[in-house]
Amino acid sequence: MGFPFLIYNCAELPIEHLQLEPSATNSLYRRGATNIGDVIGMVGSERYPTSECVSALNALTALAKVTGPQKTDWYMFWKSRDFHFNYARLTCPELEALDRNDPICPVDKDLFGNAGPMLARAGFDTLGMLAEALRDGLPDISGMGPKKYDEFYAGLMKLVKKLRSGKVAFEQLKREPEIAIASDIASKSNPAHRGADPYNLSEPVKALGLGILHAGPKARMLEAAGLVTVGDVASLMPDGLLEISGMGRSTIERLDNAFNQLNVSQTEAGDVDWERYCAGLCIPLLPAEMQSTDGTSFVKMIGETLGMIGATLEDPVYQKIIALRLSKLPQDRATLDEIGQSMATPVTRERIRQKEAKLLAALAEALVYDDYSNLNVHFRPDFADFWKIAALRFDADTEAVTFTALVDGLSDVWEVDRTLLLEHLPLIATILTGEVPTGISFGDTAQFDQRLFTLNSTVSEIPFSRLQVGRAARTLSQHGIETIGHLVDAVSAGQVSRQSGAHFRLAIDHLQAVADAFDPNGQVNWDAYNQSMNIETVPAHSPLGPKDFLVSLNDVISKILTISPPSMRSKEIFEQRVLHFVESRITTEALGEKLGTHGSSIKREETVTLEFLNDVIIQKNFAVAQMDLDSEFLAFWQFASEIFDQSDGEAGEFCRRLSLRWNVFQADVNAGLPTLMAVLTGYPYGRLGRYVGRRKAAEPAVEPLPKIATEIMEHKTLVLRGFRRAH
């Protein structure tokens, strides 16, 4: 089923724009659809459409009829649906050009009936502010019930109809309000029009930002009028403020109370006693106690302080967002769907996301800029100062940073131990990025042992094939991850995570086992690693010398094939064919008959077995071995491989040189020659005079890393949205 113009124009819009019944919208969200593009894919793939898909299909069909190559005529779509709105989330070409920066017609009773003043009191006092809010989804407006929403929608449709018909032009809406607003700003910004401070505030207090007044949405109106500081606002109290559009008596009374509390809360030094000020305003001061101002104490109290905020908020959605998401580590966080469905009246995932984003923005504004306009709590300066220091460390030029740079920077400016910082980093990053990192990859990095970030070159360059990770080593190699250091870097950068697949998940888990096996010098104690992973070492005892190595050689190879046989009959094939000279060796056909199979199967399994032994012993690919090999045992093999190369593959010369270098009889070497030659070359020792050592298989082309969820990939570089001002 195709809706090409819809996909081009509307695919990214949230599904609320379809104005389906809430039950259908909630069902679509539960099934993973979040935007119109998702819905188009869902209804097109269903063989037996569900009720919600039928509703969505009807809406999509109606929308497709009014959508062309360039734009969608939303007004006609709404008309086809009898102007029935279930969500205050909509847009149309007539409103898309507007935003909060446009001095457009004030929102009042003339436009939207009784809903107009309520919208204005909530901060949506101009048509530009309202249009911008509608695109993202209008939040719940206190006091607005179904009847007032109906008034609002009726007024909005009437306005849109006039705009599209040309009966009203934007210029007409702008002209007089623009002059009024401009004159307001000019007069209020001119010091000559401001009176003396009636509250006798000290200069340091007057220099504070107006955000500390807890003026709510009205703070934006004050800023629009050119007022920035506490002193600016105090100098216009009360009559001067009443001249500003949208400012009423209730707001004046609220500000008057804040100024009076500031007056009585001033210290002899001219600063503010925040305990007294907040008590006078009946606003919680957090954290409840701050006994120390060092970075360690600050980091430890972040989670507790976030939890305290939840206890002070009246909105049950905010309470659950803080209790179940913001104050939790990534692996313990509830999903947006889980919170939405846990409410007494279920709320959509998208609505929870909107409220969470609004709350995080309010927290960041308060902590970094002392702007409490949208937050009914106050933070102690000593607590907020740490966030301000971080904001200075990561200025606008470095807003997007790598994970490592973020950890290094915070550890430096907060003077806190890196291990402690990593433990609490998911909570910290929630504030700094303005979003909740639930992706597993962030948890992977945050839970890394600190020592993995400071690997010495020896450990960093250890091939991943040295670890007992099975086929995961090959998967990582195919994606360009060859060493322990490569994987640490990839996880730190957010390029891979446990979500990248089972092999990546296993490899990441083994990193901690490596860290646990570090000795005091930062090197890997392989005995400790093997013990933690329950891995057997073969042979159990190191060879006492060259002769002991040769005597025990065949038994050790049999042991290897017993623990980790690459094919079903590997051990039997080795013992009955490979370790024998060609004169006494059973044929593949005879062995096949003896083992109940065909000679061709024996030959194929023999090749697989010898390739496996060469990989494990010569190439040191322990990942596929399911065991560890004794270092002395491997050293003898390494020496034998070097002598083989020096002998130019000539078996007799190899035997002679090895006996001389190991100071043993040629007969001793000859006893193990079939096994030595078979493992070194990958072929059974036969009648040839010269052999070629088995070459390592050509490396496959490096493949792109598997794509992981957008939410996780965003943490390849962390965008510190919390340091941006929202206005």
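### Structural notes on the overall build of the chain
Argument step 1. A tally of helices and strands in the chain yields 38 helices and 6 strands.
Argument step 2. By the burial criterion, 50% of the 727 residues in the chain qualify as buried.
Argument step 3. Partitioning the intrachain contacts of the chain with sequence separation of at least 6 by distance along the chain shows that 64% fall at a separation of at least 24.
Argument step 4. Summed over its atoms, the accessible surface of the chain is roughly 33,700 Å², and 51% of this surface lies on carbon and sulfur atoms.

### What to know about the packing of aromatic side chains
The relation between two aromatic rings is expressed through the spacing of the ring centres and the mutual angle of the planes.
Argument step 1. Inspection of every chain in the model, using the stated rule, returns 27 aromatic pairs.
Argument step 2. Look at Trp274 and Tyr277: their rings are 5.6 Å apart centre to centre, the planes differ by 80°, and that puts the pair in the edge-to-face class. Placement of both Trp274 and Tyr277 in helix 17 (residues 274-281) is noted, with a separation of 3 residues, approximately one turn of the helix.
Argument step 3. By relative accessible area, which is 0% here, Tyr277 ends up buried.
Argument step 4. Among the aromatic side chains, those forming a connected cluster through ring pairs are Trp74, Phe77, Trp78, Phe85, Phe112, Tyr149, Phe152 and Tyr153.
Argument step 5. Above the ring of Trp526, the side-chain terminus of Arg466 is found at 3.9 Å from the ring centroid.

### Topic: the environment of Tyr369
Argument step 1. On the secondary structure map, Tyr369 appears in helix 21 (residues 349-369).
Argument step 2. When the C-alpha positions of Tyr369 and Ile212 are compared, they lie 9.6 Å apart, and in sequence the two are 157 residues distant.

### Thoughts on the side chain of Thr91
Argument step 1. With respect to the helices, strands and loops of the structure, Thr91 is situated in the loop between helix 5 (74-80) and helix 6 (93-96).
Argument step 2. Discounting chain neighbours no more than four positions away, the residues touching Thr91 are His17, Trp74, Trp78, Glu96 and Arg135.

### A look at the packing of helix 36 (residues 651-662) against helix 37 (residues 666-681)
Argument step 1. Remark: helix 36 packs on helix 37, axes separated minimally by 10 Å, with the N-to-C direction vectors making an angle of 125°. Here helix 36 lies oblique to helix 37, going by the angle between them. Crossing angle aside, the handedness with which helix 36 passes helix 37 is right-handed. Of the residues in helix 37, those in contact with Ala651, Phe654, Cys655, Arg656, Leu658 and Ser659 of helix 36 are Gln666, Val669, Asn670, Leu673, Leu676, Met677 and Leu680.
Argument step 2. Of the residues in the contact of helix 36 with helix 37, the class split is 9 nonpolar, 3 polar and 1 charged.

### Considering the nonpolar core
A general feature of soluble globular proteins is that nonpolar side chains tend to end up buried together.
Argument step 1. Leu213, Phe259, Phe379, Trp387 and Trp414 are the most contacted members of the largest nonpolar core, which has 86 residues in total.
Argument step 2. Of all hydrophobic cores here, the second largest spans 53 residues; its members include Leu60, Cys105, Leu134 and Tyr149.

### Structural notes on the pattern of salt bridges
Argument step 1. For the coordinates displayed, the defined rule picks out 20 salt bridges.
Argument step 2. With a closest N to O distance of 3.0 Å, Lys571 and Glu575 form a salt bridge. Here the residue Lys571 and the residue Glu575 both occupy positions in helix 32 (residues 570-578), the gap between them amounting to 4 residues, near one helical turn.
Argument step 3. The partner of Glu653 in a salt bridge is Arg656, and the shortest N-O contact between them spans 2.6 Å. Residue Glu653 and its partner Arg656 are located together in helix 36, separated by 3 residues, close to a single helical turn.
Argument step 4. Linked by salt bridges that have partners in common, Glu16, Arg89, Glu350 and Arg353 make up one network.

### Examining the environment of Thr587
Argument step 1. Mapped onto the fold, Thr587 is located in the loop between helix 32 and helix 33 (588-595).
Argument step 2. Taking the C-alpha atoms as reference, Thr587 lies 7.7 Å from Arg577; in sequence the two are 10 residues apart.

### Describing helix 3 (residues 36-45)
Argument step 1. Restricting attention to buried positions, one finds in helix 3 the residues Ile36, Val39, Ile40, Met42 and Val43. All buried residues of helix 3 lie within an arc of 165° about the axis, which places them on one face of the element.
Argument step 2. For helix 3, the N-terminal capping position is held by Asn35, with its side-chain oxygen 3.1 Å away from the main-chain nitrogen of Gly37.

Basis of the calculations
Residues numbered from 1 in each chain as written. Predicted model: local features only at pLDDT ≥ 70, side-chain atom pairs only at ≥ 80, totals over all residues. Heavy atoms only, no water. Helix = DSSP H or I, 4+ residues; strand = E, 2+ residues; numbered from the N terminus. Buried < 20%, exposed > 50% of the residue type's maximum accessible area, 1.4 Å probe, protein only. Contact = heavy atoms within 4.5 Å. Areas by Shrake-Rupley, 256 points an atom, 1.4 Å probe, with all protein chains shown as cover. Phe/Tyr/Trp six-rings, centres within 6.5 Å; stacked < 30°, edge-to-face > 60°. Lys NZ or Arg CZ within 6 Å of the ring centre and 35° of its normal. Axes fitted to C-alpha atoms, helices over the stretch in contact; angles between N-to-C directions. Parallel < 35°, antiparallel > 145°, perpendicular 65-115°, else oblique. Left-handed = near helix turned anticlockwise from the far one by under 90°. Nonpolar A, V, L, I, M, F, W, Y, C, P; charged D, E, K, R; others polar. Core = buried A, V, L, I, M, F, W, Y, C linked by side-chain atoms within 4.5 Å. Salt bridge = Lys/Arg side-chain N within 4 Å of Asp/Glu carboxyl O. Arc of directions from axis to C-beta. Polar contact = N/O pair within 3.5 Å; in protein donor to acceptor, adjacent residues only side chain to side chain.

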